[in-house]
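This is what each chain is made of:
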Amino acid sequence: MHRETLRKLDALMETFAFDTALETLWEFVRRINRYIQQTEVWTLNTPEKRPRMGTILYNALEALRIISVLISPFMPETADKIQQQLNLPVGRANGFDTIAVWGGLPTTLAIARGEPIFPRIDKQTRKKKASPTQTPKQQAAKASSNLVSFSEFQKLELRAAKVLAAEPIEGADRLLKLRVDLGAEKRQVVAGIAEHYTPETLIGKQVIVVTNLEPATIRGVASQGMLLAASGDAVVLATLEMEVPLGTQIR
C-alpha cells in the first residue's frame, strides 16, 4: 500500500493532477483508519498481546509520518503539527527522500501530547453552529451567496493564446511582462508568476487568457488581460491538454 501510494502520487504530481493526488493520499489515510479499526488495537493491552499491539501502533505512526511529508506541499502547518507530535524535527529534515522506505520512524521516540489536529465534530457541535434564528431557506441562501449566475459567468471571455515573449519587470521580483498571440491580435499581459516560471520556459506555451478585463497599469506597465493559474504554495499556469487554434474561446 505504501509503495503503491508513493508511485501513484509521483505520477500525479508530475502531471500537476493535484486534486487527484490529494484524493489518492486521503485513500491512504482511510486505509490506515480501517487498519486500526479492523485490528481492534485497543483490545490488545494484555501481556501476551502487547507485542502485537506495539507492531500495530508502530505501523500507524510510521504511516502518519509518511502522510505528514506527503501533505506538506498542500498543508504545511498541519504537516509541522503532526511532526511535532511525533517528536520529529520539523521541516526539511523530513523531506521526500525520507519516505521511500518503510520503517524510518525511530522506535525509541516518545510521542508528544497535543491538541487534536482534526478534532471530531459531533452532532451536538453541529447543532450549536447552526443559527437557531435562521430558517432553512435563509441558511441555504447564505450558503449560496458566493454563487454566480450562468449569465454572469458568460460575461467572462476566456481565449487560448501562445506566449511569444517574456521578460522580468524591473523592481518587481514577482512580475513578468508577457507578449501573447491571440490569433487575431497580440497583447501585453503582466503576470505575477516570476517566482515560479523563468521567462525562457514560457516561450511557446499555450495558455488561457481572460481577454475582456479592463486594461490596468501594474508597476508602470500596461496589462491587457490576465492569465489563468492555480495558486497556493505554488503557482501553476492553466494550459490546454492539446493545442487549439489561437483565439479559440474556452467554455
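Keep in mind that what you see is a predicted model, and the values were worked out from it rather than measured.

Some thoughts on the overall build of the protein chain
- Within the protein chain one finds eight helices and nine strands.
- Counting only carbon and sulfur atoms, one obtains 54% of the accessible surface of the protein chain, whose full area is about 16,900 Å².

Examining the side chain of T78
- The residue T78 is located in helix α4 (residues 76-85) in this model.
- T78 sits in the buried class, given a relative accessible area of 14%.
- With residues up to four places along the chain from it excluded, the contact list for T78 reads I71, I117 and F118.

A few points about a nonpolar patch on the surface
- On the surface, V148, F150, F153 and L156 cluster together into a nonpolar patch covering about 420 Å² of accessible area.
- Structurally, F153 can be placed in helix α7 (residues 150-154).

Structural notes on the sheet that holds strand β1 (residues 158-169)
- The antiparallel open sheet is built from five strands, whose spatial order is β3-β2-β1-β4-β7. Because the sheet does not close on itself, it has two edges, and the strands there are β3 (186-191) and β7 (226-227).
- With five bridges connecting them, β1 and strand β4 (residues 206-210) associate as antiparallel partners. Counterpart to K162 in the pairing with β4 is Q206.

Re the environment of G192
- Relative to the helices and strands, G192 resides in the loop between β3 and α8 (199-202).
- A relative accessible area of 48% means that G192 is categorised as partly exposed.
- Each C-alpha atom, one on G192 and one on L175, is 4.4 Å from the other, the two residues being 17 residues apart in sequence.
- Apart from residues no more than four positions distant in its own chain, G192 is found in contact with R174 and L175.

Cut-offs and rules
- Residues numbered from 1 in each chain as written.
- Predicted model: local features only at pLDDT ≥ 70, side-chain atom pairs only at ≥ 80, totals over all residues.
- Heavy atoms only, no water.
- Helix = DSSP H or I, 4+ residues; strand = E, 2+ residues; numbered from the N terminus.
- Areas by Shrake-Rupley, 256 points an atom, 1.4 Å probe, with all protein chains shown as cover.
- Buried < 20%, exposed > 50% of the residue type's maximum accessible area, 1.4 Å probe, protein only.
- Contact = heavy atoms within 4.5 Å.
- Patch = residues over 30% accessible without salt bridge, like charges linked within 9 Å, V, L, I, M, F, W, Y side chains within 5 Å.
- Salt bridge = Lys/Arg side-chain N within 4 Å of Asp/Glu carboxyl O.
- Pairing = 2+ DSSP bridges.

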